[in-house]
Amino acid sequence: MDRYPEGEHKVKVELTVNGKDITADVEDRTLLVHFLRDVADLTATNIGCETTSCGACTVLLDGDSVKSCTVLAAQADGRSVTTIEGLASDAGEMHPVQQAFHEQHGLQCGYCTPGMVMAIVSLLRENPSPTEAEVRQGLEGNICRCTGYHNIVKAALAAAEASQ
Amino acid sequence: MSILGTRVIRTEDPRLLTSGGVYVDDLREPDLAGAVRATFVRSTAAHALITGIDTSAALEAPGVVAVLTAADMADLPAPPPPEPLPDDAPPPEGPNPMGGVWQEPLLAVDRVRYVGEPVAIVLTDGTYSGEDVAELVSVDYEPLPAVPSIEAALADESLLFPDAGTNVCVKGGRPIGDDSIFDGCEVIVEGDVVNQRVAALPMEGRATAAVFKDGKLTVWTSSQNAQLARLILTAIGLPPDAIRVVAPDVGGGFGAKIGVDREQIIVAWAAKHTGRPVRWAETRNENLMAMTQGRAQLHHIKLGGDREGHIKAYRLDVVQDSGAYSRMGGFLPMLTNLMAPGVYDIPAVEANYTAVVTNGTPIAAYRGAGRPEAAATIERVVDWYAAEAGVDPALVRRLNFIQKEQFPFVTKTGAPYDTGDYEAALDKVLAAAGYNELRVEQRRRIDAGETRLLGIGLASYVEITAADGAAGETAKVEVHDDGTATVYTGSSAHGQGHHTAYAMIVTEELGIPMDKVEVIHGDTDLIPDGVGTYASRSLQLGGSAVHTAAIEVKEEAAKKAAELFEAAESDVVLDTETGTWHIAGDPDKSLSWSQVAAAAEAGLIVANVRFTADRPTFPFGTQLSLVEVDVETGKVTLLRHVTADDAGPVLNPLLFEGQRHGGIAQGAAQALVEEILYDADGNPLTATLMDYGAITAAELPSFELLTSETPTTVNPLGVKGIGEAGTIGATPAVHNAVIDAVSHLGVRHIDMPMTPERVWTAIQKASTR
Amino acid sequence: MIPPSFTYARATSVDEALALAAEHGEDAKYLAGGQSLLPLMKLRFAAPAVLIDLGHVTELSYVRDEGTYVAIGALTRHHDVATSELLLADVPLLARTAEAVGDPQIRHRGTIGGSVAHADAAADLPATLLALDATFVVKGPSGTRSVPAAEFFKGIFETALEPGELLTEIQVPKPAKPAAWSFQKFNKRAIDFAMVGVAVQGTSVALINMGSTPLRAAAVESALASGASIADAAQLAAEGTNAGSDIHASKAYREHLARVLVRRALEEASARA
């Protein structure tokens, strides 16, 4: 197969990001989050740690929330990624979770927000009517330092209700 | 209909939620094209002499552009010596680093004093190769005995700065007298209270990008004040007008991003030194070792009172761990001393402080900066005294509050409290929490022998905001001939929502709708003069500046409108509902802002203001924490958190509540799960987010926030600062709640954080009375 | 933050994976979900020269009813184990344990085989599989063999897997019904690894983080078999263990937790039966 150029620690990665096909030769060790930020030029997804603890880098991989800092770009080859930049409709209408964050003041500095929003999008897909406890438990992998989570939880519950 | 006081959702949000914020590492500035990536080589020893740095292997690595050490920085101007002080002068109390014998270098020269201290900087073409090359730099260390704690520092056996002759860098406050202030006290509480070292932990670490082109240095940096950053950056040998600093979106600061840090000065210097643009963003591990941290005080306390609950005397002796380099002299413990008696009218108060250096990360401001430590201790000790005296802790507070009629009130420590109604805040919280019912349920569980017991913790607090009110804040307000307005503010938001708040002020005064008001901050080319966002100062100083400037714009515009109407200025009226100018009693004739501005010079009406306050303000409140303690394991669950946090009239309840929520979470986190730890050799044990216990949504309840608005007379908006108050009240509320749950077993005090093992151990050690 | 350089190789079948492992020898490591290996590499605690990505070996992702036991493909994600209707009905202890691993994002990527092969003493699944007397099917250059859970975990990050061998299937005997089971995970924060944990299935009691491997609480099991009460049996929970002391808990406290959690687990299991 011609996917692995010899001896240069490089790999060809083809994936779909927010509906757009992107192909690039990258170092084997390239993390998906860097592929998104530096190759796909989508910088909304942020990096907050290197121990898979903070969740700032959360995106959807084939519809499931994953921490993109702990996925190699090569592992995502052939798959589909959604970042916060791909949530709003083509007409620019915000996704219910984005809208809820806005209405409930679910963000302050905004750094954890893309990961937090994507984590909630995934949570609501799996559990469309969560209780507050289920939302809080479901966000155990996402750290925020500004909001105290109160309004993030409100936003998740409001988005769930708006989507019923 | 006033817009002030209404829940306006943020103008900042749509961009942040759709295309994302643009933080330093997101920048795609043309001037940064082809930038090299900076990676630091950091000390792996807590205390050691550097006997050699071998960069040869690193220099041969692919993709390397430069490997620089202190030796390459020899051409920098020496830092100015500290101002000489007369012998009897009080120690410097401003937040300035101590220089002279305590001087902190940029890159370490011949000695390292904390694990993580920057020793060399590697510049590479690619981001990924940075760590590869940094690993190849070989540093030889000759270890020195570590000073990993306050106790070790005070022993003065191993000195971090031999030329200083001691590890004690500053002392202040009033000398502690004899014990006569406690004479006649029927109940005395004495002991040590630890306010442990915590990490500031903004979600975005430190990041800086710099380019030196055509004699001008441009630095984009994650900072709480670009203007101060610029001043600090003159250390690389450029005058301020050759430096432009831009603070783009900033992912949290909490005090640790005031100005710029030494790595950022080094990055800026590297850009000048190499002529290449340089980009740097630290990893979380670096952030947890080398971004300034908070708290780290040891308190020796003694409190005395009678058996009915009246406090007679309080002594607070503070030892401040400054970390390896004293960034703020005695400033933090000086504030702790100032706020020592809290909300109480205590007849005799003694407070003093000693600051030492240790082989740990330097300590600087962190949400509350000296005041949380004061509140955490007085509130803890009041509960401790209440338990010893056998008096309900709410009653003890009530008996000792400074009364509403006593304001303005100067405390025994010299703090000039402006306004307050401490009892009303307490009453509100007790009622909303159902305090009496909670005590009944608490008792029921104990009597039934249940193992999951309730704890109820109170904290009545007061704090000082805009302590540097005299420095003030700047605002320039412009109305353009297209009817839009621009606000240039010296404030520097990093999540607070100033763009929304300040636009609301302009809309209120000028009637220009929010979507036509743009707020700009954080660029020294556009706002050369500004102070910044910290100390909960922005709304009261920055907002007051915007308010004042808007009024000046209105007055200028009135003159112009009068000219256009050919009427007397006193007959001209602005209808802020529609944003139009009229002659009183003649509704048919109207002028828009656009028309008025177009008639002004250069089609612009502008006012430039620096607002200063002659005094700080003192927000206050009561917080109640309800916890459940599993006495078999010591595990604590936070059940409820009820607060009344009073910072005067609320401009935007949404923003106001958000600040309280975030503050409460950080305060509760210190009480429950967070602590920076070192081993006996000074090696950090909590330098990743796996080991450092940042609190998550799963540990916290939703908060119950009550309204309380007691204005100040210090500024035209009547507002105080809310940014840090939530944190200040939450820590002792949670701390007290946990101990309250097991006080019937004889437990009187447990140091923070209340880890399960700590709580369980305290239960084991206590005996029932 | 950045892993050291390596060569990425991809397998699309078990045979291809084994062939790549044989080709690269000890320079290579298998990459399953990556939720344990990649963090180690990012901190530069692990630096394999070759990573063999198993993400496309779809033949190893399944949860199958085999009558007396449930067969789980090694590359089945934690999320799928946690939500499997079959496991929720027939082996709820396993589904519950998978639900407790990490956070939702980690559960979408991490695999049961990856967790077992990684063998972190503080991990949840190895102890539960030990309590369930699971068998691990291992394929290697010399063929296929089955290893009982009791013989699989050798030490911290050390298993019975020989170089090049691949864990392909986990076989879990279906417990008798009504099932008496309980999973207790004690931590300071929801996201933390277990300070101490307990998995109970019937009369089997396994401990998390009380030694360098998951351990069966043999003294407790013996006591129960001899007719001891739950309270008395639980007092023996720390016997034969070797808990560590670290920044999260001391050895003595862990031993105390083991006693409390074993008692609670046995009580909960008994209430379920």
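Residues numbered from 1 in each chain as written. Chains lettered and ligands numbered in written order. Predicted model: local features only at pLDDT ≥ 70, side-chain atom pairs only at ≥ 80, totals over all residues. Heavy atoms only, no water.

Draft legend 1. Molecular detail of the overall build of chain B. Tallying secondary structure elements over chain B gives 18 helices and 28 strands in all. Taking 769 residues into account, the globule formula puts the C-alpha radius of gyration at 27 Å, and chain B, at 27 Å, falls close to it. Viewed in the frame of its principal axes, chain B has a C-alpha envelope of about 85 × 75 × 55 Å. The buried share of chain B, taken over its 769 residues, is 65%. If you average the places of the 58 positive and of the 105 negative side-chain charges in chain B, the two averages end up 3 Å apart. (Helix = DSSP H or I, 4+ residues; strand = E, 2+ residues; numbered from the N terminus. Rg over C-alpha atoms; globule rule 2.2 N^0.38 Å. Buried < 20%, exposed > 50% of the residue type's maximum accessible area, 1.4 Å probe, protein only. Lys, Arg positive; Asp, Glu negative; His and termini not counted. Charge placed at Lys NZ, Arg CZ, Asp CG, Glu CD.)

Draft legend 2. Representation of the interface of chain A and chain B in the model. Contact residues are listed per partner, giving 48 residues for chain A and 53 residues for chain B. Of the roughly 4,200 Å² buried between chain A and chain B, counting both surfaces, carbon and sulfur atoms make up 56%. On inspection of chain A and its partner chain B, the count reaches four salt bridges. Residues aspartate 41 of chain A and arginine 28 of chain B are paired through a salt bridge, measuring 2.9 Å at the closest nitrogen-oxygen approach. Where chain A packs against chain B, one counts 31 residue pairs in polar contact (both at pLDDT 80 or more). Elements with a minimum of two residues in the side of chain A that touches chain B: α1 (32-39), α2 (96-103), α3 (113-126), α4 (132-138) and α5 (150-162) of chain A. A per-element tally of the side of chain A that touches chain B places α2 of chain A first, with four residues. (Contact = heavy atoms within 4.5 Å. Buried area = accessible area lost by both parts, 1.4 Å probe. Salt bridge = Lys/Arg side-chain N within 4 Å of Asp/Glu carboxyl O. Polar contact = N/O pair within 3.5 Å; in protein donor to acceptor, adjacent residues only side chain to side chain.)

Draft legend 3. Helix α8 (residues 331-338) of chain B, seen in detail. Residues and elements named next belong to chain B. In terms of burial, α8 is largely enclosed, as eight of its eight residues are buried. Those residues of α8 that fall on the buried side of the exposure criterion are Phe331, Leu332, Pro333, Met334, Leu335, Thr336, Asn337 and Leu338. As for α8, its buried residues are in contact with β7 (168-173), β13 (293-305), β14 (311-321), β15 (348-356) and α9 (371-389).

Draft legend 4. The arrangement of the nonpolar core in detail. Of all hydrophobic cores here, the largest spans 88 residues; its most connected members are Phe101, Met116, Val117, Ile120 and Tyr149 of chain A together with Val629 of chain B. For this core, the element with the highest residue contribution is α3 of chain A, accounting for eight residues. Beyond its immediate chain neighbours, meaning those up to four positions away, tyrosine 149 of chain A contacts Met116, Arg136, Asn142, Ile143 and Cys144 of chain A together with Ile695, Thr696, Ala697 and Leu700 of chain B. Of all hydrophobic cores here, the second largest spans 83 residues; its members include Leu160, Ala351, Val396 and Ala425 of chain B. (Core = buried A, V, L, I, M, F, W, Y, C linked by side-chain atoms within 4.5 Å.)

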